[in-house]
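An overview of the molecular structure
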Amino acid sequence: MNRIKKTPLDLLNDIYSLAYWMTGSEDESRDLVNLTYRSANKETKESDLLRTFRKCYVERFGQYADFCIPDAPCTQQHHLLDSLKQWSADIKLSVLLSEISGLQHRQISEIVGKPVETIRLWLLCGRKLLVNDTMMKVSA
């Protein structure tokens, strides 16, 4: 089945939905969408726009996590923290690209730059994590 190629304008609602699920804030979502679309034009491919979204999200917001880091962390600890933020954001983004944008595993793999097998594992685990996280927020 051939997938209809979408223009950046066609993707605006999906990108906003992704941004809202990733940030949890209307204001931050709007900022993230604006950052994503700054370099886009009507010729920008869907996968390129989604890669730009991923890059903007990680650079601007990362994945807020509470880690105990000493006052003077070494370079290796910074690298580990950055890797964990990237990993966490990529899992969440993979699930949302699948559920909101309806992308295939191969397409998600191309956007996040990981093997299809990794994406499949992330989707399995990530869906469970997002459901648990949502349930905890609802009950709080």
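Scope of this entry: the structure provided in the associated data block. These numbers come from a predicted model, not from an experiment.

What follows covers the overall build of the chain. Helix and strand counts for the chain come out as six helices and zero strands. Burial status across the chain gives 34% buried among its 140 residues. Considering only residue pairs separated by 6 or more positions, the chain has 62% of its internal contacts joining residues 24 or more positions apart. Surface accessibility of the chain: about 9400 Å² in total, with carbon and sulfur atoms responsible for 54%.

The next thing to look at is the pattern of salt bridges. Considering all chains together, one arrives at eight salt bridges under this definition. Salt-bridge contacts for glutamate 99 lead to arginine 127; the nearest nitrogen and oxygen are separated by 2.8 Å. Highlighted residues: glutamate 99 in helix H4 (residues 75-99) and arginine 127 in helix H6 (residues 116-139), separated in sequence by 28 residues.

This part covers the nonpolar core. One finds Ile15, Leu18, Leu32, Leu50, Phe53, Leu93 and Leu97 to be the most contacted residues of the largest nonpolar core, which totals 28 residues. Among the elements of the structure, helix H1 (12-23), helix H2 (26-37), helix H3 (46-60), H4, helix H5 (105-112) and H6 are those that each provide at least two residues to this core. A total of six residues in this core trace back to one element, the largest contributor, which is H4.

Moving on to the packing of H2 against H3. In contact at an axis separation of 9 Å, H2 and H3 are set at 130° when each is read in the N-to-C sense. It follows that H2 is oblique to H3 by the angle criterion. In terms of crossing hand, the pair formed by H2 and H3 is right-handed. Contacts between H2 and H3 involve Asp31, Leu32, Leu35, Thr36 and Tyr37 from the former and Leu49, Thr52, Phe53, Cys56, Tyr57 and Arg60 from the latter. Split into classes, the residues belonging to the contact of H2 with H3 amount to seven nonpolar, two polar and two charged.

Where H1 contacts H3, the axes come no closer than 12 Å and their chain directions differ by 25°. On the basis of the axis angle, H1 is roughly parallel to H3. The hand of the H1/H3 crossing is right-handed. The segment H1 lies against H3, with Ile15, Leu18, Ala19, Met22 and Thr23 engaging Leu49, Leu50, Phe53 and Tyr57. For the contact of H1 with H3, the residue count by class is eight nonpolar, one polar and no charged.

Time to look at H2. The end-to-end C-alpha separation of H2 is 16 Å, in line with the 16 Å expected for 12 residues at 1.5 Å each. Packing partners of the buried residues in H2 comprise H1 and H3. The N-cap residue of H2 is serine 25: its side-chain oxygen and the backbone nitrogen of aspartate 27 are 3.3 Å apart.

Once that is clear, we can look at H3. Helix length check: H3 (15 residues) gives 21 Å between terminal C-alpha atoms against 21 Å at 1.5 Å per residue, within 8%. The complete set of buried residues in H3 reads Glu46, Leu49, Leu50, Phe53, Arg54, Cys56 and Tyr57. Within H3, the buried residues cover an arc of 165° as seen down the axis, which keeps them to one side. Away from its buried face by more than 90 degrees, H3 exposes Lys55 and Glu59.

Looking now at the environment of aspartate 14. In this fold, aspartate 14 is placed in helix H1. In this structure the C-alpha to C-alpha distance between aspartate 14 and serine 101, which are 87 residues apart in sequence, comes to 6.1 Å. In contact with aspartate 14, not counting residues within four places along its chain, are Lys6, Ile100 and Ser101.

Procedures and definitions
As a convention, each chain's residues are numbered from 1 in the sequence order in which they are written. Local features are withheld for residues below a pLDDT of 70 in this predicted model, meaning they are given only at 70 or higher, and side-chain atom pairs are given and counted only at 80 or more; totals for whole chains, interfaces and linings count all residues. Hydrogens and water molecules were not included; the side-chain quantities draw on all heavy atoms of the structure. In this description a helix means any DSSP run of H or I spanning at least four residues, a strand means any run of E spanning at least two, and both kinds are numbered starting from the N terminus. Note on exposure labels: buried denotes an accessible area under 20% of the residue type's maximum, exposed denotes more than 50%, and partly exposed covers the range between, all computed with a 1.4 Å probe on protein chains only. The criterion used for residue contact is that any of the two residues' heavy atoms lie within 4.5 Å. Surface exposure here means Shrake-Rupley accessible area, sampled with a 1.4 Å probe, where a residue is shielded only by the protein chains that are shown. Here, a salt bridge means any Lys or Arg side-chain nitrogen found within 4 Å of an Asp or Glu carboxyl oxygen. Side-chain atoms within 4.5 Å are what join buried Ala, Val, Leu, Ile, Met, Phe, Trp, Tyr and Cys residues into a set we call a nonpolar core. Lines fitted to C-alpha atoms define the axes, with helix axes restricted to the stretch in contact, and inter-axis angles between N-to-C directions lie between 0 and 180 degrees. Put simply, angles under 35 degrees are roughly parallel, angles over 145 are roughly antiparallel, angles from 65 to 115 are roughly perpendicular, and the rest are oblique. For a crossing to be left-handed, the near helix must be turned anticlockwise from the far one by less than a right angle; the clockwise case is right-handed. The classification used treats Ala, Val, Leu, Ile, Met, Phe, Trp, Tyr, Cys and Pro as nonpolar, Asp, Glu, Lys and Arg as charged, and all other residues, Gly among them, as polar. Any helix carries an expected span of 1.5 Å times its number of residues minus one. Polar contact is defined as a pair of N or O atoms within 3.5 Å, subject to the rule that within protein one atom must be able to donate a hydrogen and the other to accept it, and that residues adjacent in sequence are counted only when both atoms are side-chain atoms. Regarding the arc, it is the one traced by the directions from the helix axis to the C-beta atoms.

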